[in-house]
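The lines below spell out each chain.
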Amino acid sequence: MSKLTDLMKEIKAKAAERKSLAKNLASKNKSIRMHHENGHKALVGPDMSKPGKYRVTRFDERGAMGHTEHDSLEDAADEALKNGFKPK
């Protein structure tokens, strides 16, 4: 196999693993505390300003530094995982 084919297989396997973890985290139907190796933290949970939506709120040592909005808890958890956050 070519290096490109091997790389694509590796990327697909990692994406499947990440999506499986996101699904597992979301199945508990609770907010998820996460951390990044750079010291930042994230909270994944319901968006209080938009009922039925979910958000990933990121924090550094000074406080909240932004958020993203999502249609499901699973999508929000997947986004955090894509950005290097891991469940606490």
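Look up a bit, the structure's there.
The structure displayed is predicted, hence computed values, not measured ones. (Residues numbered from 1 in each chain as written. Predicted model: local features only at pLDDT ≥ 70, side-chain atom pairs only at ≥ 80, totals over all residues. Heavy atoms only, no water.)

Draft legend 1. How the structure looks around the pattern of salt bridges. Counted under the stated rule, the structure contains eight salt bridges. Taken together, the shared-partner salt bridges in this structure form one network comprising Arg18, Lys19, Asp78 and Lys82. (Salt bridge = Lys/Arg side-chain N within 4 Å of Asp/Glu carboxyl O.)

Draft legend 2. Geometry of the side chain of Arg55. In this fold, Arg55 is placed in strand β3 (residues 54–60). In terms of polar contacts, Arg55 uses its side chain to reach the side chain of His67, at 3.3 Å. With near-sequence residues (within four places) excluded, Arg55 lies in contact with Leu43, Val44, Gly45, Pro46, Asp47, Ser49, His67, Thr68, Glu69, His70 and Ala76. (Helix = DSSP H or I, 4+ residues; strand = E, 2+ residues; numbered from the N terminus. Polar contact = N/O pair within 3.5 Å; in protein donor to acceptor, adjacent residues only side chain to side chain. Contact = heavy atoms within 4.5 Å.)

Draft legend 3. Representation of helix α1 (residues 3–27) within the structure. For α1, with 25 residues, the first-to-last C-alpha span of 36 Å sits near the 36 Å given by 1.5 Å per residue. All of the buried residues along α1 are Ala22, Leu25 and Ala26. Of the surrounding elements, those touching the buried residues of α1 are β1 (32–35), α2 (73–82) and β5 (86–87). Positive backbone phi, approximately 55 degrees, marks Asn29, located one or two places after α1. (Expected span 1.5 Å × (residues − 1). Buried < 20%, exposed > 50% of the residue type's maximum accessible area, 1.4 Å probe, protein only.)

Draft legend 4. Broad picture of the environment of Asn24. Among the structural elements, Asn24 can be located in helix α1. Classification of Asn24 by relative accessible area gives partly exposed; the value is 41%. On a C-alpha basis, the gap between Asn24 and Val44 in space is 14 Å, while along the polypeptide they are 20 residues apart.

Draft legend 5. How the structure looks around the pairing of strand β4 (residues 63–70). Sheet topology places β3 next to β4; seven bridges connect them, and they run antiparallel. By the bridge assignment, Thr57 is partnered in β4 with His67. (Pairing = 2+ DSSP bridges.)

Draft legend 6. View of the nonpolar core. If you look at the biggest cluster of nonpolar residues, it comprises 14 residues, and the most contacted ones within it are Ile32, Met34, Val44, Val56 and Ala80. Among the secondary structure elements, those contributing two or more residues to this core are α1, β1, β2 (41–46) and α2. In this view, Ala80 contacts Met34, Val44, Val56 and Phe85; residues no more than four positions away in its chain are not counted. (Core = buried A, V, L, I, M, F, W, Y, C linked by side-chain atoms within 4.5 Å.)

Draft legend 7. Local environment of the sheet that holds β3. Taken together, the five strands give an open sheet; going across it, the order is β4-β3-β2-β1-β5, and neighbouring strands pair in antiparallel fashion. The sheet is open, and its two edges are formed by β4 and β5, each paired on a single side. Across two bridges, the pairing between β1 and β5 is antiparallel. Counterpart to Met34 in the pairing with β5 is Pro87.

Geometric values such as these leave the question of function open.
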